[in-house]
Amino acid sequence: MNRYTEPKYRTILDAKENELGQLQEKSASSAWKPAYHIHPGYGLMNDPNGLAYYNGEYHVFYQWYPFGPTHGMKHWAHVKSKDLLDWDRLPTAIVPVENYESHGAYSGASIEVDGELYLYYTGNIKYSAEERSANQCLAIMDKDGVIRKYEQNPIIEGVPEGYTGHVRDPKVFMKNDTYYMLLGAQRSNLTGAIIVYESSNARDWSFKGELELELNLPDTCYMLECPDYFELNGQDVFVVSPQGLEAGKHAYQNLYNVIYVLGKMDIENLTFKVESHHELDKGFDFYAPQTFEGKNKERLLFGWAGMGEMDYPSDKEGWAHCLTIPRELDVVDGRLIQKPARELEKLRLEPAEGEFSLDQGSTGISTGSDQYELVLSLESIESEIFGLQLCSSEAERLVLEFNRTEQTVTLDRENFADAFGAEHGFERSSDLEIGDSVELQIFVDRSIVEIFINGGKTVFTARVFPHKESTGIKVFADGKMRGTHSHYRLVSNQSL
Ligand code: FRU
């Protein structure tokens, strides 16, 4: 096991005296830190990991680089909650100090085995800037919350023949008394694939083969990251984060994108028969989501509300990114629907309600708050172009615009003093069937906006970094339109 390149990267255990305290202090006063979204105290957060409702509590782990807003040596950070609302920060769950994880504890998922929570992750290994390998590893959390690395790590050493060193993000599930592990992989010909291992005890694994996924992804797709699989409403659902897809008219507009696939999984024969597939979120900042079973056996999802290879305005405050709110999934009419988890209603304070009627013009909804939920029904629409502005002031606005002629919806985040990501464009769009009404449920939390359209059939996640006074909401239409709105300030006692 000594063949790994030295030196190892730095972990929190190598921090100089006061270094972590200073990092914490630098980020602490940021006005952009969300109030009810999980976010890092300092440093960079990316993928949610190991999600579970275990032993009466929700556990969320996430990819974390402590020493700044960059993608460095990844740790697994850890927060937990009894109700999905108030989160407590716990000590770092996985610190990558071993040779088999010499360049980071990368993403993975969890499953309960014999009363303990098995946390699978990838030990990332770098030999040089271009050359890497991967080991699959296990950490185990017991009922007292004590986490230990499995003594016989790695549980899978290296990568199988025919694949490059890009093999990662284990997702383990059980079917007919056998455990299966899905891994995102890159074939030696540099195209993306999903490979499968199997095990009878969740600790000893053997390579089974490649999953035949009839997705017809183009050869430009060079990697599939963060596979997830579950059954919901009698459907098999597969979620994956492909890299290298080319942008279409209203599709794959981010550098990296996420798709869900509905169909039939036959894991024993390594096939997934695809019935349909769609992009999961049409916004700017959404990647590497994971799902898990909640307290009421519902299927919950958290996504990383961020995007790789991009600078964000909060970088200068020493922190980057957050997770989405927890979303409850359903399959309806061949589509995966995402709704805010039902628990979030408990955050609602001070409801304000109103009605409006427009004829070529706009109306404001006053909030005075930058952490709220807005439920908006647009009715009797006789306009071609209509929509709303959020986080708005004289100088700034996030614009959601519906176009009935084209049957599209577009989100534009160009108009901010701290606009960012120009290199990837300021607009994201989606096809949308627009009749004479549209339902919207919108969550704003300082620097993150999540927009659920028509009961969660179409969802946009976007980070924006407004000035403190940019809290306005304005509804506009180029013709007639009526509507009602309910507005709730949201607070949370989370100690993040
Ligand atoms: C996705 C990803 C994963 C990897 C992790 C590393 O964002 O690239 O494939 O495990 O991030 O932080």
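A quick note: this is a predicted structure, and the numbers were derived from the prediction, not measured. (Residues numbered from 1 in each chain as written. Predicted model: local features only at pLDDT ≥ 70, side-chain atom pairs only at ≥ 80, totals over all residues.)

Novice: I'd love a proper account of the overall build of the chain, names of residues and values included.
Specialist: Counting its regular elements, the chain contains one helix and 34 strands. Across its three principal directions, the C-alpha atoms of the chain cover 70 × 55 × 40 Å. Across the 496 residues in the chain, those meeting the buried criterion constitute 47%. The contacts in the chain between residues at least 6 apart in sequence include a share of 60% that link residues at least 24 apart. (Helix = DSSP H or I, 4+ residues; strand = E, 2+ residues; numbered from the N terminus. Buried ≥ 20, exposed ≤ 12 C-beta atoms within 10 Å, placed from the backbone. Contact = placed C-beta atoms within 7 Å.)

Novice: Requested: an account of the sheet that holds strand E2 (residues 57-65), with residues and values cited.
Specialist: Think of a sheet as strands paired side by side through backbone hydrogen bonds, with each pair either parallel or antiparallel. With respect to topology, five strands assemble into an open sheet ordered E4-E3-E2-E1-E21, the strand pairing being mixed. In the strand order of this sheet, the two ends are held by strand E4 (88-94) and strand E21 (319-320), each with one partner. In terms of strand pairing, E2 meets strand E3 (residues 75-81) through seven bridges, oriented antiparallel. Residue Tyr62 lies in a different strand from E3, and its bridge partner there is Ala77. (Pairing = 2+ DSSP bridges.)

Novice: An account of the site of the ligand is requested, with residue identities and associated values reported.
Specialist: Gln63, Tyr106, Ser107, Glu225 and Ala288 are the nearest of the 13 residues found near the ligand. Those elements that provide at least two residues to the shell around the ligand are strand E1 (43-54), strand E10 (163-175), strand E15 (223-232) and strand E19 (287-293). Looking at the shell around the ligand residue by residue, the class counts come to four nonpolar, four polar and five charged. (Near = placed C-beta within 6 Å. Nonpolar A, V, L, I, M, F, W, Y, C, P; charged D, E, K, R; others polar.)

Novice: Any chance you could break down the UniProt feature "domain: Glycosyl hydrolase family 32 N-terminal" (unreviewed entry) in the chain for me, citing the residues and the numbers?
Specialist: What UniProt calls "domain: Glycosyl hydrolase family 32 N-terminal" (unreviewed entry) maps, in this numbering, to residues 37-340. The span residues 37-340 is 0% helical and 56% strand by assignment, and the distance between its end C-alpha atoms comes to 12 Å. (UniProt positions renumbered as here; feature names shortened; annotations may be inferred.)

Novice: Lay out the environment of Tyr180 with the relevant residues and their values.
Specialist: Looking at the secondary structure, you find Tyr180 in strand E11 (residues 178-187). As for Tyr180 and Asp266, which are separated by 86 residues in sequence, their C-alpha atoms are 12 Å apart. If we skip the residues at most four places from it in the chain, Tyr180 touches Val172, Phe173, Lys175, Val196, Glu198 and Ile267.

Novice: Give me the lowdown on the sheet that holds strand E16 (residues 235-243), citing residues and values where you can.
Specialist: Across the sheet, five strands lie side by side as E14-E18-E17-E16-E15; this open sheet has mixed pairing. Each of the sheet's edge strands pairs with one partner strand only, and the pair in question is strand E14 (212-213) and E15. Sheet topology note: the E14/strand E18 (residues 271-279) ladder contains two bridges and is parallel. Within the sheet, the bridge partner assigned to Leu213 lies in E18 and is Phe272.

Novice: Explain the environment of Met481 to me, using residue names and the numbers behind them.
Specialist: Looking at the element boundaries, Met481 is found in strand E34 (residues 472-490). What makes Met481 buried here is the crowd of 25 C-beta atoms within 10 Å. Distance from Met481 to His75, taken between C-alpha atoms, is 50 Å for residues 406 residues apart in sequence. Those residues in contact with Met481, other than ones at most four positions away along the chain, are Leu358, Leu378, Ser380, Ile381, Glu382, Ser383 and Phe386.

Novice: I'd like to hear about unusual backbone geometry, residue by residue, with values.
Specialist: Going from Asn153 to Pro154, the amide bond is cis rather than trans, its omega being -5°. Note on placement: Pro154 falls in the loop between strand E9 (147-149) and E10. In the Ramachandran plot, Leu270 falls in the positive-phi region, its phi being about 60° despite a non-glycine side chain. Along the chain, the position of Leu270 falls in the loop between strand E17 (259-266) and E18. For Leu270, a count of 17 C-beta atoms within 10 Å puts it in the partly exposed group.

Novice: Now, about the environment of Leu13: what can you tell me, with residues and values included?
Specialist: Turning to its location among the elements, Leu13 is positioned in the segment before helix H1 (19-28). In this structure Leu13 comes out as exposed when scored by C-beta crowding, with 10 C-beta atoms within 10 Å. Along the chain, Leu13 and Glu350 lie 337 residues apart, while their C-alpha atoms are 45 Å from each other. The contact partners of Leu13, leaving out residues within four places of it in the chain, are Val95 and Val97.

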